[in-house]
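Chain by chain, the residues run as shown.
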Protein chains: 2
Amino acid sequence: MYRTHTCGELRLADAGKEVKLAGWVQRSRKMGGMTFVDLRDRYGITQIVFESDANQDLCEAANKLGREFVINVTGTVAERTSKNANLPTGEIEIIAKELTVLNKSDVPPFTIEDDTDGGDDLRMRYRYLDLRRNAVRSNLELRHRMAFEIRRYLDQHGFLEVETPVLIKSTPEGARDFVVPSRMNPGEFYALPQSPQTFKQLLMVSGFDRYFQIVKCFRDEDLRADRQPEFTQIDCEMSFVEQEDVLQMFEGLVKHIFRYVKDIDFKEPFPRMTWADAQRLYGSDKPDTRFGMEFVELKDLTAGSGFSVMDEAEYVGAIVAPGCADYTRKQLDGLTDFVKRPQIGAKGMMWVKFEADGSIKSSVGKFFTDEQIKAWGERAGANPGDLMLILAGQTAKTRKQLCELRLEMGSRLGLRDPQKFSCLWVIDFPLFEWDDETSRYYAMHHPFTAPNPDDIDKLETDTGSVRATAYDMVVNGNELGGGSIRIHDAALQDTMFRLLGLSEQEAQYKFGFLMNAFKFGAPPHGGLAFGFDRFVSILAGLDSIRDVIAFPKNNAGRDMMIDAPAEIDQSQLDELKIALALPEEK
Amino acid sequence: MYRTHTCGELRLADAGKEVKLAGWVQRSRKMGGMTFVDLRDRYGITQIVFESDANQDLCEAANKLGREFVINVTGTVAERTSKNANLPTGEIEIIAKELTVLNKSDVPPFTIEDDTDGGDDLRMRYRYLDLRRNAVRSNLELRHRMAFEIRRYLDQHGFLEVETPVLIKSTPEGARDFVVPSRMNPGEFYALPQSPQTFKQLLMVSGFDRYFQIVKCFRDEDLRADRQPEFTQIDCEMSFVEQEDVLQMFEGLVKHIFRYVKDIDFKEPFPRMTWADAQRLYGSDKPDTRFGMEFVELKDLTAGSGFSVMDEAEYVGAIVAPGCADYTRKQLDGLTDFVKRPQIGAKGMMWVKFEADGSIKSSVGKFFTDEQIKAWGERAGANPGDLMLILAGQTAKTRKQLCELRLEMGSRLGLRDPQKFSCLWVIDFPLFEWDDETSRYYAMHHPFTAPNPDDIDKLETDTGSVRATAYDMVVNGNELGGGSIRIHDAALQDTMFRLLGLSEQEAQYKFGFLMNAFKFGAPPHGGLAFGFDRFVSILAGLDSIRDVIAFPKNNAGRDMMIDAPAEIDQSQLDELKIALALPEEK
C-alpha cells in the first residue's frame, strides 16, 4: 500500500496518527536542523518534516530530494507551531520516519507553480507537466464536474445518451470534413462528423423522444485563435416540442449547472432578445449583457447639418460611456486608433463630452448647435459627466464597429467581470443569409431549420425576411450554444433545398437518407447544441478554450507533445491504396 | 403544445381527465361502430377509441390512419371495459375528440414489432425504423443507464473524466490504425486512437491520480463476427496502487452496475483464478463459470495401454456431462462431428458411459479394463448416469478443443442461462507470448505492463515464464475487460523494449514522448479498460454487440444506412495533397 491518506485530507484532529503519504516534491528547504518538504498530489499539499537530531540519515536523504521527485513518506501527524492559514492542511505537519524515493525527476523545464515561468510553446510540448499546475488541473476538474452535472440534469429529464458514429460520410456542405481512407473499401473514405446533426434527427424519427450526447466533433478549418480541429459538443434533441419547450428545458440545464457547479442561483427567467434587437442595440448576435451602454441611433437628429460624414452615412450610432467626460485628448485619440485598426475598420470616431457643469464639448461642434447635441444626449439618456462616442457609415458594418467600441469601453470601465454571468436567449434569427459573391441564399443555421410559422407565406415572395425558429444561448458575449426547431415535413424540406439552390439530385446525394427517413413518420422535433469547451471556459473565467482541454492542438492543428500529425509508413499508404501528391519542391 | 402526457403514463386514477397525446400508430382496428388505435411512443402504448356514433367524421379520419403515421389526439381518459393486463396503461383508453395527422408514413419495409419480419440487411439499411422496435430501443436505454451508473460510481470514488484527443499519431504496433490526412500539414497524417493508453498514463504522470473516460476507440481490422471498427471503452487508470487496489475498485464498479441496473446483489467477492489454472481447468483465459464441468487430466491413467491415440498424445483430458449416459449413438456421433469441425479441429472424440446400473460402456473399451476406466471416473468425480468425453493430443490445442466441447455441452444442458451472471478475475497472465514465425517475444498485453515483482529476476534468464501483473474480468465466458499495473521505472521499461526486440530508436520513435514523460517523476500506476459494448450486451443477455450500438457497421465496415464509406470529391483529395492509387482494372 502506497498511502493511508492523500496530501489534502489531514487535519488537526488527526494529530498523533501514524500515516503514509505519496506524492511529488513541490519544494524543500533546510532550516536549522530540519528539512521541510512540501508534498503535493491532486488533493493538496502536506508539509513533511525531517529532523536531523532524530534521524540524521533520513534527513540527509531528504536533503537530496529534487523538485518533482515522487516519494513515499511514513510518519506521525503533528500540530504545527507556525500554522499556514492558506492551506487546508496548514495546521499540521508530518514528522517523517521513513522515506522511499519511488521515482526521480529531471529538473522540469518550467516551474510547476500557479504563475509558471514557462512559455506557451514549452508548456504545450510538456503538457503533462503543465497539467500538474493547480490552475490547469482545476479547469479539468471543473470540466468533469460540469459534464457530470449536465448528464445528471438530462437524465433526470428523461434524455437518453446515445453514441452516434464517428466514422460517417462526407457531406461537403459548410466547413471541410476530415476524411479517413477505408482500407476495406479502396477508393472510399469515411468522414469525421462536424456534428451528429443528422443522426440526432434520425433518432427522433426512431422515437427516442429525448436524446443527448456529449460528443467530440471535428472541423478541418484554418484555425483562427481559439478554434480546435476537435471540439466537444453537448448535443441535444427533443420530439413533440415547440420552441418554448426547448428554451425552458435548456434554460433549466444552464441554471442547474450554475447552481450545482458555481453555487449561483438564477431565480429570474433569462431575458430574451430578438436577433433584430440584438443587432440594433448591440451590433451583434451575441451581445455581452453584463453591462448596458446600448446603441442609440442618431441618423434623424444629425441629418442635414452639412457634415458629410454623417449626412452621407446610412447609419449614425452612439454609445454613452458613463462618467468619461473627463477623457483626455490622448485617451480619445487612443479610442479613435482602436476603431481604425484594420480588424475593426472604422474611418474615424466622433465624440461629445457632456461636461459635469452642463456644457458640451464635441469633435463635431462646428456642425451642430449645443441644442442639437443636447437632443442626442436626451435620446441617449446621457448625464452630465458622460462621454458619447459616435460612429457613422453603412449600417451593418458600423454596428459591428460600434459593438467593438462598446466592448472596449466595457473592459476599460471594468464592466466585464469574468466572475459575473449574464445569460440571454437571442431568438428570431433570419432563416437565410444572402451571399453576394455566389448570388444565392445560404441557411443561416442549417438547411433543416424550420421557418417561423408566421413567416411561411413569405418563403417564396420575401425570402430574405423570413425568420427562423432558431435560438442562441449567449453568456457574457459568447455564443454558448444554439439550435432550432427542425423541418419535419418532407414538402417543406424540399422547398428549403430549392431556395438554397440545391438541386433535387444534390439534396438526395447529400441528405437522401435523412429525407427518406422522414417519409416514415417524422415527429415534430427540435434541439440545440452547446459548445462544451466554451461552456467550461466561461465558467472558469477564461478567455481561451485551450486551457480547459487536456491535450489541445496549436493553431497549425499540431499536438506539440506527441508531435502529431506525422508521416506514416509507405506500407500504410499502400494498404490504403492512396499516394501522396505533394507539390514538387522548388 | 403537442402533449399533456406520454403514451406510457396514464392510469385508472386519471379517468375523466382531458388529455393530449402524440405518437405513432402501432396498429388500428375497426370493431362495431368503433375504431381502436394503439398509439405508441418511447414510453408505452395507449389505446385510443374513435366512436362512430359520437363523431362520424373523426372516426372516418381515424380509419384512414396507416401504420406509423404520427398523430396528435385530444380526448378523455376512460376506464376500459376489457382491460389488458399486459400493458401498464391497459386499464384505460382515450375517447378521442380531436385528431391531427402530424406526419404520414409510407408503409415500413418491415413490421415494427418485437418479432419483426425484417431481415438483417433490411433492418440495417432502415436502422432508424429498426430502432423503433422495443427490443432494440430497450438495449440502448440499458446502455444509457449503465453509462450513467458507471460515471456515478467512478465520480463517487474520485475519478475525473478527462477527454483525450481523437486526432493523434500512428503507432504501428498491434492492430492497424485508421489515419486522417492533414490538410494543414501536407504529407502528414493523424491516427485515430486504438485506445487512450498512452494519454491515460501521461495523466498519471500529471498527477491526475484517478482518471476515467467512456470513449470511442478505433481499429482497422478485418472484421470478424462481432467486431466493430469503432467501439467504446471504459478506460480507467489510478496512481499509487498495487494490483489489489485496482481489483477492489473495479470489482466494486461491476457490482455497482449489477446492483443499480439489474437489481442483482453480488455479496461475495468475485473468485480469482490464475491464468495457468484457467487453461488447465477450462482451456481458456475466459472460462464460462456459470457451470462446472472442469477438465480432468488422464494422461497418467491412460499411459501404456497400447492405444496409440492416447499413448502418443502429450495431453489426455476429459469432461463429465452429468446425466448424459443415455446419449444415443447418434448424439455421440453428433458431438464427434462437432469437435471435428475445421474451426475446432480435433481428430476424434472418445467417450465413457457410467451407466446408472454401475456398468461401463466406452468407445475405448478394448484398450482398457473396467477397473482402469473406473479410476478415470473416480478422479473426475463421475456419478452413475454420467457421460465422460475425452480428447487427446498436443496440450494447448487439445485444451482449446475441449473448451469448445465443454461450452457446447453446457449449452445443450441449459447451463448457460443469459440471465445468470458469473464473474471471475483471471490473474497472473504471462508477460510475454513467443511467436515462432518471427522468432521473438510479443507483449501479451502491451509493452507497458509490469512484470510480477516475484518474477523480475527471471526477466533475462527465463523470459517466457515471467508472469505479468495483469488481470482480466471475465463474465459468462466473455472478457469484459482487462488491465495491468504499468511500468513506471524508465530502466525497467528499457529492458522490456529490448526483450520485445524494439531497438532504442524504434522505441524512442514510437513511445518517446511517454518515455520522456516518465523522466519527470512518474508515480506507480495501473488501470484497466472494459469493453463497454460487450458489457452492455452481456447485461442485455445478447450474444452480439451489434444490437447495443445505435448505428453499427456491417462486417465490411460499412454503414448500410448512410452508405459510408463513400467516394469523395477530387477537390477534397487535391486539398489534402493525396491521390488514389487503386490497382488497375483487369
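By convention here, each chain's residues receive numbers from 1 onward along its written sequence. In the order they appear in the text, chains get letters beginning with A and ligands get numbers beginning with 1. Under the rules for a predicted model, residues below a pLDDT of 70 receive no local features and side-chain atom pairs below 80 are neither given nor counted, while totals for whole chains, interfaces and linings still include all residues. The side-chain numbers reported here are obtained from all heavy atoms of the structure, hydrogens and water having been left aside.

Describing the domain arrangement of chain A
By a widespread convention, an interface's size corresponds to the accessible area lost as its parts come together.
Then, in step 1: One can read the domain layout of chain A as domain 1 (12-103), domain 2 (138-266 + 476-570) and domain 3 (291-412).
Then, in step 2: What marks off one domain from the next here is an automatic or database domain assignment. Computed over C-alpha atoms, the centres of domain 2 of chain A and domain 3 of chain A are 41 Å apart.

A few points about the relation of the copies chain B and chain A
Then, in step 1: A least-squares superposition brings the copies together, and it is based on the C-alpha atoms of residues with pLDDT no lower than 70 in both. Mapping chain B onto chain A calls for a rotation angle of 180 degrees and an axial translation of 0.0 Å; the resulting RMSD is 0.1 Å. Those values place the two copies in the arrangement expected of a two-fold rotation axis.

Re the confidence of the model for chain A
Then, in step 1: The predicted model of chain A averages 95 in pLDDT, with 99% of residues at 70 or higher.
Then, in step 2: Both confidence scores are given for the complex: pTM 0.96, ipTM 0.95. Along the chain, pLDDT gives the predictor's confidence residue by residue, from 0 to 100.

Brief notes about the pattern of salt bridges
Residues and elements named next belong to chain A.
Then, in step 1: Definition used for salt bridges: Asp or Glu carboxyl oxygen within 4 Å of a side-chain nitrogen of Lys or Arg. Throughout the structure, instances matching the rule amount to 101 salt bridges over all chains.
Then, in step 2: A salt bridge links arginine 132 to glutamate 68; the nearest nitrogen and oxygen atoms lie 2.8 Å apart. Residue arginine 132 is found in the loop between helix H3 (127-130) and helix H4 (134-156), and its partner glutamate 68 is found in the loop between helix H1 (56-63) and strand E4 (70-79); the two are separated by 64 residues along the sequence. For the pair arginine 132 and glutamate 68, one class covers both residues: buried. Comment: elements are numbered from the N terminus, with helices defined as DSSP H or I runs of at least four residues and strands as E runs of at least two. To sort residues, take the accessible area from a 1.4 Å probe on protein chains only and compare it with the maximum for the residue type: under 20% means buried, over 50% means exposed, and anything in between is partly exposed.

Regarding the interface of chain B and chain A
Then, in step 1: Of the residues lining the interface, 126 residues belong to chain B; the matching set on chain A comes to 126 residues.
Then, in step 2: When residues of chain B are sorted by the area they lose upon contact with chain A, B:Glu163, B:Phe240 and B:Phe520 head the list and together hold 7% of the total.
Then, in step 3: Scanning the region where chain B abuts chain A turns up 16 salt bridges.
Then, in step 4: Put simply, A:Glu161 and B:Arg151 hold a salt bridge, and the shortest N to O gap is 3.6 Å.
Then, in step 5: Under this definition, polar contacts are N or O atom pairs within 3.5 Å; protein pairs additionally need one hydrogen-donor-capable and one acceptor-capable atom, and for neighbouring residues in sequence, both atoms have to be side-chain atoms. Where chain B packs against chain A, one counts 73 residue pairs in polar contact (both at pLDDT 80 or more).
Then, in step 6: Sort the elements by how many residues they give to the side of chain B that touches chain A and helix H4 (residues 134-156) of chain B lands first, with 10 residues.
Then, in step 7: By definition, two strands form a pair when at least two bridges between them are found by DSSP. The sheet contact formed by strand E23 (residues 578-580) of chain A and strand E23 (residues 578-580) of chain B spans 3 bridges and is antiparallel. Bridging from a neighbouring strand, A:Ile578 pairs with B:Leu580 of E23(B). Note on definitions: a residue-residue contact is assigned when non-hydrogen atoms from the two residues lie within 4.5 Å. Joining two parts hides part of their accessible area as seen by a 1.4 Å probe, and the buried area is that hidden amount summed over both.

Quick notes on the packing of helix H10 (residues 329-340) of chain B against helix H12 (residues 395-412) of chain B
Residues and elements named next belong to chain B.
Then, in step 1: Where H10 meets H12, the axes come as close as 10 Å, and the angle between the chain directions of the two elements is 140 degrees. The angle between H10 and H12 falls in the class oblique. Every pair of crossing elements has a handedness; the one defined by H10 and H12 is right-handed. Contacts between H10 and H12 involve Gln331, Leu335, Phe338 and Val339 from the former and Glu404, Leu405, Glu408, Met409 and Arg412 from the latter. In this description, a line fitted to the C-alpha atoms serves as the axis of each element, helices being fitted only across the stretch in contact, and the angle between N-to-C directions of two axes falls anywhere from 0 to 180 degrees. Roughly parallel means an angle under 35 degrees; roughly antiparallel, over 145; roughly perpendicular, 65 to 115; everything else is oblique. What makes a crossing left-handed is the near helix being turned counterclockwise from the far one by less than a right angle; a clockwise turn instead makes it right-handed.

Overview of the sheet that holds strand E16 (residues 386-393) of chain B
Residue and element names in this part refer to chain B.
Then, in step 1: Sheet architecture is open: 5 strands sit in the order E12-E13-E16-E14-E15, paired in antiparallel fashion. Both outer strands of the open sheet, strand E12 (296-297) and strand E15 (360-362), are each paired with one neighbouring strand and no more.
Then, in step 2: As judged from the 7 bridges shared by strand E13 (residues 315-321) and E16, these two strands associate in the antiparallel manner. Following the sheet pairing, tyrosine 315 is matched in E16 by glycine 393.
Then, in step 3: Contacts from H10 reach strand E14 (350-354) and E16 within the one sheet, and its direction differs from that of E16 by about 30 degrees.

Details of the side chain of B:Asp41
Residue and element names in this part refer to chain B.
Then, in step 1: Examined against the element boundaries, aspartate 41 turns out to sit in strand E2 (residues 34-41).
Then, in step 2: His is not counted, nor are the chain ends, whereas Lys and Arg count as positive and Asp and Glu as negative. Buried within the structure, aspartate 41 lacks any salt-bridge partner; arginine 3 is the closest side chain of opposite charge, at an N-O distance of 4.2 Å.
Then, in step 3: Setting aside chain neighbours within four positions, we find aspartate 41 in contact with Arg3, Thr6, Cys7, Gly8, Ala22 and Trp24.

A closer look at the packing of aromatic side chains
Then, in step 1: Any two of the Phe, Tyr and Trp rings considered here, Trp counted by its six-membered ring, make a pair once their centres fall within 6.5 Å; the pair's planes then place it as stacked at under 30 degrees, edge-to-face at over 60, or tilted in between. On inspection of all chains with the given rule, the structure shows 39 aromatic pairs over all chains.
Then, in step 2: Between A:Trp425 and A:Tyr471 the ring centres are 6.3 Å apart and the planes differ by 90 degrees, which places this aromatic pair in the edge-to-face class. Within this pair, whereas A:Trp425 is found in strand E17 (residues 423-427), its partner A:Tyr471 is found in strand E20 (residues 470-475), the two being separated by 46 residues in sequence.
Then, in step 3: Consider the rings of B:Phe266 and B:Phe270, whose centres lie 5.4 Å apart with planes at 85 degrees: the pair is edge-to-face. B:Phe270 shares its class with B:Phe266; the two are buried.
Then, in step 4: Following the ring pairs from residue to residue traces out a cluster consisting of A:Phe159, A:Phe250, A:Phe530 and A:Phe535.
Then, in step 5: Taking NZ or CZ as reference, A:Arg406 lies 4.0 Å from the ring centre of A:Phe291, over its face.
Then, in step 6: Any Lys NZ or Arg CZ found within 6 Å of a ring centre and within 35 degrees of that ring's normal is scored as a charge over the ring. We note B:Lys353 situated over the ring of B:Trp351; from NZ or CZ to the ring centre the distance is 5.5 Å.

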